[in-house]
Amino acid sequence: MSPHLEQSAVTVLGLGPMGRSLAGAFLDAGLRTTVWNRTPGKDQDLIARGAVGARSAEEAVAASGLTVVCVVNYDAADSVLRRDAVTDALKGRTVVNLTADTPDRARDTAAWAIGHGIRYLDGAIMTPTPTIGTPAAVFLHAGPEDLYEEHRSLLGALGGTHTHLGEEIGRAAAYDIALLDIFWTAMAGYAHALAVARAEGITARELAPFAQGIGAILPPIFEEAAEDLDSGSFSGEGNPITSAVSSMAHIVQTSEAHGIDAGVMRAAEGMARRAVGRGYGADGFIRIAEILGRR
């Protein structure tokens, strides 16, 4: 091991677009940063900016008290971290895993880490690469609070807001899954809407300002729906599920008249009709969440 590697404040494993952004933010904050990637060559621009390029994953993690991992999924993370030489080098050190995956994978990796004397925090990055190192970045963390507080200042070099969600290690991944559910469902809906609009002779650019207007009304609706679900009130005053079913049916009919797959909206309509069939037609749309959550 090279003596200069011992002086690093942080190690970053994984140099995809997000990993490079994380390492770059640490460097911009003046922190000595060691980097490593399974595929060689992705560290050159970071080395030119002052990063230390490790020759192996075990050398990289041994270089710092804190290792930040950001790879494609937990299969990739485990293939690096659970190699004997790397595991041995990590003992007594801290891993902050910012890799996206499921809550159960986070819990499994945390149990492995504890069993090997590795201090472990799990996290999620909720904003795209250009936000890293800026006030717009959003990070979620889960795990031992004292461990989070110990590394909070260093993690702050990544910019933005950092929220510790609690000691249950799967909570950051659970938030990530729920929030990405909103994002990808919305993007699927937008793509479908653009297809329907185009079929009716409306360009995407023409529709976009009005689509943004729809997006703007959602925040207060989200807040009201959250209160309804947590309180169990499910108020449908002004917009009952029966009205939602009617408008969804119009979307399906128009889509299919143009030969456009309406599978996503048919699924949503099916959930709404199920709620109506169970006697909840006068309730608000968020009653569906309660029905879906029943075991």
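Residues numbered from 1 in each chain as written. Predicted model: local features only at pLDDT ≥ 70, side-chain atom pairs only at ≥ 80, totals over all residues. Heavy atoms only, no water.

K.L.:
I tried to follow the overall build of the chain on my own but got confused; where do I start?
P.N.:
The helix and strand tally for the chain stands at 12 helices and 8 strands. The buried share of the chain, reckoned over its 295 residues, is 42%. At a minimum sequence separation of 6, the contacts of the chain that also span at least 24 residues come to 65%. Approximately 15100 Å² of the chain is accessible, and the part contributed by carbon and sulfur atoms is 57%. Computed over 24 positive and 35 negative side-chain charges, the inter-centroid distance for the chain is 5 Å. (Helix = DSSP H or I, 4+ residues; strand = E, 2+ residues; numbered from the N terminus. Buried < 20%, exposed > 50% of the residue type's maximum accessible area, 1.4 Å probe, protein only. Contact = heavy atoms within 4.5 Å. Areas by Shrake-Rupley, 256 points an atom, 1.4 Å probe, with all protein chains shown as cover. Lys, Arg positive; Asp, Glu negative; His and termini not counted. Charge placed at Lys NZ, Arg CZ, Asp CG, Glu CD.)

K.L.:
Can you help me understand the confidence of the model for the chain in this one?
P.N.:
A low pLDDT means the predicted coordinates there should not be read in detail. Confidence in the prediction for the chain averages 96 pLDDT; 97% of positions are at 70 or higher. Below a pLDDT of 50 lies the segment residues 1-6, which in the model reaches 15 contacts outside its immediate sequence neighbourhood of four places, other chains included. (pLDDT = per-residue confidence, 0-100.)

K.L.:
Before we go on, may I ask you to explain the side chain of Thr-109 in this structure?
P.N.:
Among the structural elements, Thr-109 can be located in helix H6 (residues 103-115). Each residue touching Thr-109, except ones within four places of it in the same chain, is listed here: Tyr-74, Asp-78, Arg-82, Asn-97 and Tyr-120.

K.L.:
What is the right way to look at the pattern of salt bridges in this model?
P.N.:
Where side chains of opposite charge bring their charged atoms close, a pairing between them can arise. For the structure shown, the criterion picks out 17 salt bridges. Between Asp-78 and Arg-105 there is a salt bridge whose closest N-O contact spans 3.1 Å. With Asp-78 in helix H4 (residues 74-81) and Arg-105 in helix H6, this residue pair connects regions lying 27 residues apart in the sequence. Judged by relative accessible area, Arg-105 falls into the partly exposed class, the value being 23%. (Salt bridge = Lys/Arg side-chain N within 4 Å of Asp/Glu carboxyl O.)

K.L.:
So what exactly am I meant to see when it comes to the side chain of Asp-101 here?
P.N.:
The residue Asp-101 is located in the loop between strand E5 (94-97) and H6 in this model. Polar side-chain contacts of Asp-101 include one of 2.8 Å to the backbone nitrogen of Tyr-74. The contact partners of Asp-101, leaving out residues within four places of it in the chain, are Asn-73, Tyr-74, Asp-75, Ala-173 and Ile-177. (Polar contact = N/O pair within 3.5 Å; in protein donor to acceptor, adjacent residues only side chain to side chain.)

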